[in-house]
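For reference, the chains in residue letters:
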Amino acid sequence: MTKKYKAVIFDLDGVIVSTDECHYEAWKMLADEEGIYFDREINQRLRGVSRMESLEIVLERATKEYTEAEKLEMATRKNGYYVEKIKSLDKTAILAGALEFVSLAKNAGLKVAIGSSSKNTMAILKQTGCETLFDAIADGNDIKNSKPAPDVFLVAAEKLQIAPTDCMVVEDAEAGVDAALAAGMDVLAVGFASAYAKATYRAKSLDEVLVKK
Ligand code: B16
Ligand code: MG
């Protein structure tokens with residue numbers, strides 16, 4: 001990475017913590033109750049996507065039409081299951097290299113923020129002991145349009161008071177990579193987005209990026 005950045009904005013799910021299994025199990029419970037086919041491959045498409053947009057993807061396999069009120073109830077039901085599941089998260093859910101990468105950025109004088117689509121961001125950060133780690137937090141509660149719209153990253157940059165072009169994003173979802181680019185930010189794609197050609201930088205994980213002594 002040759003460019004000098006002033007801030008790093010981290011996606012939460014799939015970059016700092018692993019909540020994939022909790023999301024999968026909660027959507028699966030809902031889908032089973034409704035008699036809708038759902039598997040891990042479909043679950044991958046929900047990465048970085050907001051709760052209501054995720055529901056629309058789940059409903060692609062539904063055999064009946066649902067009213068807006070029914071959709072809202074289903075999204076709320078799924079979130080109830082998810083909130084119960086994340087209560088058992090702890091520090092072991094933090095992904096390899098994440099804390100070290102955040103420390104490295106801070107020690108180099110960069111600001112660090114979270115830019116997540118999740119409305120449960122604060123609960124997840126508290127559960128994993130990361131609630132005071134970041135200089136700013138922008139999440140699903142701050143925005144109308146979720147990734148691939150740039151909104152959550154622009155809000156994070158605004159909270160940090162740093163120009164978008166001076167920020168680098170770390171993302172694990174293609175929708176998140178597109179969102180960062182739309183915000184005018186460079187982006188390091190990791191995990192499930194690590195093969196995404198549009199990303200400025202790519203790595204299998206943050207752990208891989210760290211230079212081991
Ligand atoms: P919630 P991220 C995203 O978080 C998840 O990847 C995505 O699967 C989820 O649907 C979305 O948050 C909304 O989450 O239902 O908790 O508001 O990757 O942007 O940190
Ligand atoms: Mg993510």
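As a reminder, the structure under discussion sits directly above these lines.
Along each chain, residues carry numbers from 1 onward, in the same order as the chain's sequence is written. Written order determines the labels here, with chains lettered from A and ligands numbered from 1. In keeping with the predicted nature of the model, local features appear solely for residues at pLDDT of at least 70, side-chain atom pairs appear and are counted solely at 80 or more, and the whole-chain, interface and lining totals rest on all residues. Processing note: side-chain calculations cover all non-hydrogen atoms of the structure and skip hydrogens and water entirely.

A. Examining the overall build of the protein chain more closely. Assigned secondary structure in the protein chain consists of 9 helices and 6 strands. Only C-alpha atoms enter the radius of gyration, while the globule expectation follows 2.2 Å times N to the 0.38, with N the number of residues. Taken over the C-alpha trace, the protein chain has a radius of gyration of 17 Å; the compact-globule value for 213 residues is 17 Å, and the two agree within 12%. Counting only C-alpha atoms, the protein chain reaches 55 × 35 × 30 Å along its principal axes. Burial classification: accessible surface area is computed with a 1.4 Å probe over protein chains only, and a residue below 20% of its type maximum counts as buried, one above 50% as exposed, and the rest as partly exposed. Taken over 213 residues, the protein chain has a buried fraction of 49%. Throughout, a residue-residue contact means that at least one pair of heavy atoms, one from each residue, lies within 4.5 Å. The contacts in the protein chain between residues at least 6 apart in sequence include a share of 59% that link residues at least 24 apart. Accessible surface area values rest on a Shrake-Rupley calculation with a 1.4 Å probe, where residue burial reflects the displayed protein chains alone. A total of about 10500 Å² of accessible surface is found on the protein chain, and carbon and sulfur atoms cover 52% of it. Charge assignment in this entry is limited to Lys and Arg as positive and Asp and Glu as negative, and neither His nor the chain termini are counted. In plain terms, the charge of a residue is placed at NZ if it is Lys, CZ if Arg, CG if Asp and CD if Glu. The positive charge centre, built from 28 side chains, and the negative charge centre, built from 34, are 4 Å apart in the protein chain. We count a stretch as a helix when DSSP gives it H or I for four or more residues in a row; a strand needs E for two or more, and each element gets its number in order from the N terminus.

B. How the structure looks around the coordination of the magnesium ion (ligand 2). In this description, a donor is an N, O or S atom within 2.8 Å of the metal centre, a cutoff extended to 3.2 Å for sodium, potassium and calcium. Water is not part of the atom list, which can make sites seem incomplete. At 2.0 to 2.2 Å from the magnesium ion (ligand 2) lie its protein donor atoms, namely Asp11 (OD), Asp13 (O) and Asp172 (OD). If you list the donors of the magnesium ion (ligand 2) from N- to C-terminus, the spacing comes out as D-x1-D-x158-D. One end of the pair, Asp11, is in the loop between strand E1 (7-10) and helix H1 (20-34); the other, Asp172, is in the loop between strand E4 (167-171) and helix H8 (174-182), with 161 residues separating them in the sequence. Relative accessible area serves as the criterion here: at 4%, Asp11 is assigned to the buried category.

C. Summary view of the site of ligand 1. Near, as used in this document, describes a residue that has one of its heavy atoms within 4 Å of the molecule or strand being considered. Taken together, 17 residues lie near ligand 1, and Val49, Ser116, Ser118, Lys119 and Asn120 sit nearest. N or O atoms within 3.5 Å of each other form a polar contact, as long as, within protein, one can give a hydrogen and the other can take it, and as long as residues adjacent in sequence are counted only when both atoms are side-chain atoms. Asp11 is positioned with one of its side-chain polar atoms (N or O) 2.8 Å from an oxygen atom of ligand 1. The contact in question runs from an oxygen atom of ligand 1 to an N or O atom on the side chain of Asn120, over 2.7 Å. In isolation ligand 1 has 470 Å² of accessible area, and contact with the protein removes 97% of it. Computed over the protein atoms alone on a 1 Å grid, cavities are sets of points where a 1.4 Å probe fits but cannot get out and pockets are open sets with protein on both sides within 12 Å along at least five of seven lines; a residue lines them when it has an atom within 4 Å of a point. Occupancy of a cavity or pocket is assigned to a molecule whenever over half of its atoms lie within 2 Å of that pocket's grid points. Judged by the fraction of its atoms near the pocket grid, ligand 1 is located in the largest pocket.

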